[in-house]
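So the chains spell out like this:
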Amino acid sequence: MAENKKIKTALISVFHKDGLEEMLRLLNESNVKFLSTGGTQTFIESLGYKCDAVEDLTGYPSILGGRVKTLHPNVFGGILNRRDNEGDQAQIAKYKIPEIDLVVVDLYPFVKTVESNASEQDIIEKIDIGGISLIRAAAKNFNDVVIVASKKQYQPLCDILKERGEAATSLEERKFFAKEAFAVSSEYDSAIFNYFDKDTQSDFRCAVNESRHLRYGENPHQNGRFFGDFDAMFTQLHGKEISYNNLLDIDAAVNLISDFEETTFAILKHNNACGLASRATILEAWKDALAGDPVSAFGGVLIANREIDKATAEEMNKIFFEVVIAPSYTEEALEVLKQKKNRIILVIKEFNLPKVQYRSVLNGVLRQDKDTYVESKDDLKQVTVKGLTDEQIEDLLFANKIVKHSKSNAIVLAKGKQLCASGIGQTSRVDSLKQAIEKAHSFEFDLNGAVMASDAFFPFADCVEIAHKAGITAVIQPGGSIRDNDTVEYCDKNDIAMVMTGVRHFKH
């Protein structure tokens, strides 16, 4: 087994100084020599430690407004020389290049600068040159050099130094830091490329730092992992580890509820709403959402856009469900909900959902803009003789939000801002409608006066005919079929109101 290698000289040049003190103290206790530049050198010396300037090593000052500080053979030779290579050792001896065993560097905040809407000149100046070169050099020579490439790696190195009682690392540890360093550099380069590429989308570059291991994937025989910062969006208050399928349902639930401003409760199963209602209180919303399909609600994912109180929690607690999501809970509500030890309780934070979607397909990746369009009253084009009441308009817009988030082919039946039933994922739109009607009747919904929403146009008039016979009096659909006139004519002959939006909401 290879022996641990001691750190004798450390080059430290960082943008973020917070969290650096402990590392410096531990290194100093092992008599590690410090090299640094500019503000980092000043910081190290302010703590009472001796620190040599990189300028003294290179013989050059920082030039070009700070663009060139460390780019010099005396720096990179000290990092890249192979300690077990006779030729390397002869050259660094000839040119009097000191060995550098540890590089601690982070990068200019390029992404944050872009997000701040800074000028292009300021953004370009935040493209790090020296830092990224130091990272790659030290990571390449992991056999001899330790690289700490971000603030996130300060603590892991400190833990090693404290556990070992000296400034020394193993090959396995150095290889770990190298891996983390290349993750940093690849993410940084991806961000720069995406800035220059902008809307061209000439190539696909995506890097995500955060990840969590999942118990398994969609099924127990599949491995699963989530890449993303889940904790940035949610605080988990209670329950078991979140699964792959939980995450899919949580994603569907969050996207769905984000389209509703009124007090709303939704129940989802397999990414589709099986119950949803908008009401004056969250308790009423829960009761009417559950009434939509109390059978499918079993084991579902629940989401509300208002605080959950004790009375609502007590009603919810009467059924089994896996996940509940809300912006907040009263203490009394949490006492009730926590009675089931595995129940996942999430607080959703203020968030901005991504505006694009990616999906692996065949040997590549599909990218599309997210379907964020939410129709308003102004988007409704009346195409029938019969007009709409204000109540029908509200129900049509309500139903259209749900059908937008349902698997195609999708039909939604609603009445009084309550989901009566939906037909989803069928290969025929007629089958989706029949499924919805049968389901609504099975839970004793009166569809007389209800409305129907379709995610895409009706290719024939058969759907409105079936809906009419079930009691539907108003329909919303995007339109666009070559037989739209047939559908409209049927509505006119049978006193049905219909509006078209011109916006399709397929979801596959």
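Residues numbered from 1 in each chain as written. Predicted model: local features only at pLDDT ≥ 70, side-chain atom pairs only at ≥ 80, totals over all residues. Heavy atoms only, no water.

Undergrad: Just checking my understanding: could you explain helix H18 (residues 484-493) for this structure?
TA: Residue pairs spaced three or four apart in an α-helix point in one direction, given the helix's 3.6 residues per turn. Taken together, the buried positions of H18 are occupied by Asp484, Thr487, Val488, Tyr490 and Cys491. Taken down its axis, H18 places every buried residue within 160° of arc, on the same side. In H18, the exposed positions that point more than 90 degrees away from the buried face belong to Asn485 and Lys493. Packing partners of the buried residues in H18 comprise helix H17 (462-470), strand E22 (474-477) and strand E23 (497-500). (Buried < 20%, exposed > 50% of the residue type's maximum accessible area, 1.4 Å probe, protein only. Helix = DSSP H or I, 4+ residues; strand = E, 2+ residues; numbered from the N terminus. Arc of directions from axis to C-beta. Contact = heavy atoms within 4.5 Å.)

Undergrad: Sorry if this is basic, but what is going on with the nonpolar core here?
TA: Residues Phe34, Ile79 and Ile147 are the most contacted members of the largest nonpolar core, which totals 55 residues. Ranked by residues supplied to this core, first place goes to helix H10 (residues 171-197) with seven residues. In this view, Phe34 contacts Ala10, Ile12, Leu24, Leu27, Asn28, Ile44, Tyr49, Lys50, Cys51 and Asp52; residues no more than four positions away in its chain are not counted. (Core = buried A, V, L, I, M, F, W, Y, C linked by side-chain atoms within 4.5 Å.)

Undergrad: What is the right way to look at the packing of aromatic side chains in this model?
TA: We describe a pair of aromatic rings using the distance from one ring centre to the other and the angle between the two ring planes. Counted under the stated rule, the structure contains 11 aromatic pairs. For the pair Phe15 and Tyr108, a centre-to-centre distance of 6.1 Å together with 70° between the ring planes defines the contact as edge-to-face. Here the residue Phe15 occupies a position in the loop between strand E2 (9-13) and helix H1 (21-29), and Tyr108 occupies one in the loop between strand E5 (102-105) and helix H6 (110-115), the gap between them amounting to 93 residues. Classification of Phe15 by relative accessible area gives partly exposed; the value is 39%. With centroids separated by 5.9 Å and ring planes inclined at 85°, the aromatic side chains of Phe110 and Tyr195 adopt a geometry described as edge-to-face. One end of the pair, Phe110, is in helix H6; the other, Tyr195, is in helix H10, and 85 residues separate them in sequence. We classify Tyr195 as buried; its relative accessible area is 11%. Aromatic rings pair up to connect Phe110, Tyr188, Tyr195 and Phe196 into one cluster. (Phe/Tyr/Trp six-rings, centres within 6.5 Å; stacked < 30°, edge-to-face > 60°.)

Undergrad: Looking at this structure, I do not really get the pattern of salt bridges. What am I missing?
TA: A pair can form between side chains of opposite charge whenever their charged atoms are brought close. On inspection of all chains with the given rule, the structure shows 24 salt bridges. Close ionic contact of Lys439 with Asp293 constitutes a salt bridge, the shortest N to O distance being 2.7 Å. Taken together, the residues Lys439 in helix H16 (residues 429-442) and Asp293 in the loop between helix H12 (282-291) and strand E13 (300-304) connect sequence positions 146 residues apart. Put simply, Glu315 and Lys318 hold a salt bridge, and the shortest N to O gap is 3.0 Å. (Salt bridge = Lys/Arg side-chain N within 4 Å of Asp/Glu carboxyl O.)

Undergrad: Help me understand the side chain of Asp106 in this model?
TA: Counting through the fold element by element, Asp106 comes out in the loop between E5 and H6. Despite being buried, Asp106 has no salt bridge partner; Lys17 is the closest side chain of opposite charge, sitting 7.0 Å away. (Lys, Arg positive; Asp, Glu negative; His and termini not counted.)

Undergrad: Can you walk me through the layout of surface pockets in this structure?
TA: Over the atoms, a rolled probe matching the size of one water molecule traces out where space is still vacant. Estimates place the volume of the second largest pocket at around 480 Å³. Mapped onto the lining of the second largest pocket, the elements with two or more residues apiece are helix H2 (38-46), helix H7 (120-125) and helix H8 (130-140). (1 Å grid on protein atoms, 1.4 Å probe; cavity = no way out; pocket = protein on both sides within 12 Å on 5 of 7 lines; lining within 4 Å. Points joined across faces, edges and corners; volume = space filled by probe spheres on them.)

Undergrad: Any chance you could explain the sheet that holds strand E12 (residues 272-278) here in plain terms?
TA: Within a beta sheet, neighbouring strands are joined by backbone hydrogen bonds and run either parallel or antiparallel to one another. Strand order in this open sheet of six strands is E10-E15-E14-E13-E11-E12, and the pairing throughout is mixed. On the outer flanks of this sheet lie strand E10 (234-238) and E12, each paired with one strand and no other. Each strand axis lies, on average, 20° off the axis of its neighbour in the sheet, ignoring direction. Relative to strand E14 (residues 321-326), E13 runs parallel, the two being bridged by four bridges. Across the sheet, residue Val301 finds its bridge partner in E14, namely Val323. The sheet contacts of helix H11 (residues 244-257) involve E10, strand E11 (264-269), E12, E13, E14 and strand E15 (344-348), and relative to E11 the element is tilted by about 150°. (Pairing = 2+ DSSP bridges. Axes fitted to C-alpha atoms, helices over the stretch in contact; angles between N-to-C directions.)

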